[in-house]
Amino acid sequence: MTLNWFKKHSNEKKEKQDNSDSSEKTYFFERLKKGLSKTCKILSTDIDELFTGKKEIDDSLLEKVEELLITSDIGVQTSMDLVQKISKKSSKISDAIQFKHALKEEILSLLNLQTPKQIPEINYTKPKVIMVIGVNGVGKTTTIGKLAAKFNLEGKKVLIAAADTFRAAAVEQLVIWADRANAQIVKHKDNADPASVAYDSIEAAIARDMDIVLVDTAGRLHTRVNLMEELKKIKRIISKKLAGAPHEILLVLDATTGQNALSQAKLFDDALGVTGIALTKLDGTAKGGIVVSICNTLKIQLKYIGIGENIDDLQDFNSKDFVDALF
Amino acid sequence: MFDNLTDKLDLVFKKLKGHGKLTEKNIEESLKEVRIALLEADVHYKVVKKLIADIKERALGQEVMASLTPGQQVVKIVNDELTEIMGTRHEDLNLSGSKPASIMLVGLQGSGKTTTAGKLAVLLRKKGNKPYLVPADVYRPAAIDQLKKLGEQLSIPVYSSTVEMDPVQICRKAGIAAQQEKCDVLLLDTAGRLHIDENLMAELCNIKDAVKPSDILLIADAMTGQDAVNIAKSFDNTLNLGGIILTKMDGDARGGAAISIKSITNKPIKFIGVGEKLSELEPFHPDRMASKILGMGDVLTIIEKAQSMVDEKKAVELEKKLRKNEFTLDDFRDQMVQIRKMGSLKDLLSMIPGFSKNKQFKNLEVDEKEFIRIEAIINSMTPQEKRQHTIINGNRRKRIAKGSGTSIQDINKLLKNYTQIIKMMKKMNKGGMRGLGRGMLPF
């Protein structure tokens, strides 16, 4: 991460070319492992440590568990509920492994959605339109760059709509990402109407037979009603141009954010109907526990996790992998 | 679903008010609620623990003063404690040492360093300094462009860094360039980085050693959760911070990170970012922040804002006009413009005590576009109409509506408001403030 991305990327490429197929496999495996350990980290706690020298569950242990849960930003209420549930089962739990298992089961039941909000994969005309939203500085543009690269690798033709016309140099930033990800881009001048950028992008995507359109939007605090109206307008214009679109409203959340992420998710969902969440910056020490509450209360799926600054540092959030990594 | 900290504590103390005396039992009860409120506000677990213990000690050692209710007493204790943690007064930028002085901005990705650099430049220029912006983020795509564009918007010189350059070299060379440009304060906008990224943290140390900045500011997001403690600790241990700037304070985050960061680093929070406009940076006042958390409003900030924005000369003129009952529609428009300069009405209202408590105003959304409409209407009037609103008849209204792109209803509404204000002023001139009945204010 120290190096300029270009330097690093060219090194990686060189490495890949120099070595045989097997090393490429190792490369991808390592990436996956890194992703998994991060996935696991969302909720990882040093429960083993808590059990050292202890034989049974007592109040001081439960208090420690509560502290661990709260400091991973899961939230006070959820943490207290979890601890209470565990303490009820305490008679059946005798060691760290069982305790961990019970705790993880409880958390998983919150994360695994029975009926997640989702748009059916079939029944839509090309292109698939993904609108990316979020507050300032969570990593929308970077996530779009990574998503574009991911779809490109899957053999899809990607077009990016540079509809953040507000922040200085947001378009320039996206142009660089589009170039890296080998995606096309539609842009207007600074301070242009973002809805018109979105409209032109859809039109261009249809004309050029693209598979996916990623719509970048300016960061905005969810409490700014006027700016939320602007997002609604962008969504409206998109659906006017292409019936059924946007097919996905992806909310980007920063793992460093505390309880306010719930308010963000709620207000963005109220305004636009969020269909998926990307949780970024999981490569730090923040655990992003608030997503558990968000997924559970708003019934929105966590779809992607961002684990670094490189173009391939975006992973699908897979609940099966997640369970495997936990047990 | 989630109320803000102010509301939470209000609720706690409402419960307390029911009790006659401050006993150990009802202190316990209220502190349980205070604890939850603080944790929900993202104050770090350990910090909350210590805070609660301190408050309890204070509360138990005290007798209920005769002049206060038990609820007020606890509010006061919690308020004192929060204020004490956050410091006692506002601390300004440190510009000491050899000239030009350098201020280094550091923080995580997306915390708002570049925008804050622009805001600080505006602030410094207002104070009579000559700021120089230095983009030292060679990693994030187009980060340098972003600062260059801000500099262009503000007409503030920006060092011409490129992505091929080394950040330490950039900062060193920028010092010489600043002297040539006759600037006296450098604002070093460093790249966002994770506090656990050893290489990039070492880079910051190298910049620090090379330029010996007079101030190093951690730019932190007010929405940060429990991790705020780790972030602040790492940056402070590595760089020995001079202070903190909290950004994105205009959202609905409860801002507990302020308490966490302050108590872990013991470094002053110097400024807060309160909006997307480059003028929206305010000095941090610890006592006011504590009061705000406790729902006691922030009247001082409003007064200060009004003082810095309102044109003295115009104010004197206006006073004269008011006395003579000569408040024209032109003056009405000028007043609007003055108010708008102070920031969004919603922010202003939120600082008024009682507003956050009042359910009626809770979801109040002031339509800022209304101002633009009013301005357009008045601008579409003839000078005579502006001086003498009574001549505006049906035909004239039609013309004005057409000219300003509004409807006749809009014009009727405006004229009605205006005549109300005139009436109110006449009353004021006759009987002073006492002439003003309750509920007479136009808002």
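Use the structure listed above.
The paragraphs below set out a description of the structure included in this document. It should be emphasised that the depicted structure is a prediction, and the values quoted were computed from it without experimental measurement.

About the cut-offs
Residues numbered from 1 in each chain as written. Chains lettered and ligands numbered in written order. Predicted model: local features only at pLDDT ≥ 70, side-chain atom pairs only at ≥ 80, totals over all residues. Heavy atoms only, no water. Helix = DSSP H or I, 4+ residues; strand = E, 2+ residues; numbered from the N terminus. Polar contact = N/O pair within 3.5 Å; in protein donor to acceptor, adjacent residues only side chain to side chain. Contact = heavy atoms within 4.5 Å. Salt bridge = Lys/Arg side-chain N within 4 Å of Asp/Glu carboxyl O. Buried < 20%, exposed > 50% of the residue type's maximum accessible area, 1.4 Å probe, protein only. Buried area = accessible area lost by both parts, 1.4 Å probe. Core = buried A, V, L, I, M, F, W, Y, C linked by side-chain atoms within 4.5 Å. Domains from an automatic or database assignment.

This brings us to the side chain of Lys-262 of chain B. Residue and element names in this part refer to chain B. Note that Lys-262 resides in helix α10 (residues 257–265). Here the side chain of Lys-262 touches Ile-85 through a polar contact of 3.5 Å, landing on its backbone oxygen. Discounting residues that sit within four places of it in the chain, Lys-262 has contacts with Ile-85, Met-86, Gly-87, Lys-267, Pro-268 and Ile-269.

In this section: the pattern of salt bridges. Evaluated as defined, the whole model comprises 32 salt bridges over all chains. Here Lys-85 of chain A ties to Glu-106 of chain A by a salt bridge, and the two come within 3.9 Å at their closest N and O atoms. In this pair, Lys-85 of chain A is assigned in helix α5 (residues 76–89) and Glu-106 of chain A in helix α6 (residues 96–111), connecting sequence segments 21 residues apart. The class of Lys-85 of chain A is partly exposed, set by a relative accessible area of 40%. Overall, the relative accessible area of 12% leaves Glu-106 of chain A in the buried class. Here Glu-84 of chain B ties to Arg-58 of chain B by a salt bridge, and the two come within 2.5 Å at their closest N and O atoms. Residue Glu-84 of chain B is found in helix α4 (residues 70–86), and its partner Arg-58 of chain B is found in helix α3 (residues 45–61); the two are separated by 26 residues along the sequence. Classification of Glu-84 of chain B as exposed rests on a relative accessible area of 53%. By relative accessible area, Arg-58 of chain B is classed as partly exposed at 24%. The network of salt bridges with common partners includes Lys-150, Glu-154, Lys-156 and Asp-316 of chain A.

Attention now moves to the interface of chain A and chain B. If you look at the interface, chain A gives 50 residues, while chain B gives 49 residues. Surface buried jointly by chain A and chain B totals about 4,200 Å² across both partners, of which 55% is contributed by carbon and sulfur atoms. Connecting chain A to chain B are 6 salt bridges. A salt bridge links Lys-149 of chain B to Glu-172 of chain A; its shortest N-O distance comes to 2.9 Å. Our count for the contact surface shared by chain A and chain B stands at 17 residue pairs in polar contact (both at pLDDT 80 or more).

Grouped burial of nonpolar side chains is what soluble globular proteins tend to show. Formed by 92 residues in total, the largest nonpolar core has its most connected members in Met-131, Ile-133, Leu-214, Val-215, Ile-238, Phe-268 and Ile-294 of chain A. Of the domains in this structure, domain 1 (37–112) and domain 2 (128–326) of chain A are the two that each give at least three residues to this core. Residues within four places of Ile-294 of chain A in sequence aside, it is in contact with Leu-253, Ala-261, Leu-262, Ala-265, Ile-277, Lys-299 and Ile-300 of chain A. If you look at the next biggest cluster of nonpolar residues, it comprises 71 residues, including Ala-177, Leu-186, Leu-200 and Met-289 of chain B.

Attention now goes to the environment of Pro-127 of chain A. Residue and element names in this part refer to chain A. Tracing the backbone shows Pro-127 in the loop between α6 and β1 (128–133). Assessed through its relative accessible area of 1%, Pro-127 is described here as buried. Sequence separation of Pro-127 and Val-213 is 86 residues, and the distance between their C-alpha atoms is 6.5 Å. If sequence neighbours within four positions are ignored, Pro-127 has contacts with Ala-205, Ile-206, Met-210, Asp-211, Ile-212, Val-213, Leu-242 and His-247.

Attention now goes to unusual backbone geometry. With an omega of -5°, the peptide bond running from Ala-245 of chain A to Pro-246 of chain A counts as cis. Within the secondary structure layout, Pro-246 of chain A lies in the loop between α10 (225–241) and β5 (248–254). The linkage connecting Lys-99 of chain B with the following residue, Pro-100 of chain B, adopts the cis geometry, with an omega of -5°. Structurally, the position occupied by Pro-100 of chain B is in the loop between α4 and β1 (101–106). The backbone phi angle of Ala-169 of chain A is positive, close to 65°, even though this residue is not glycine. When you line up the elements, Ala-169 of chain A lands in the loop between β2 (158–163) and α8 (170–181).

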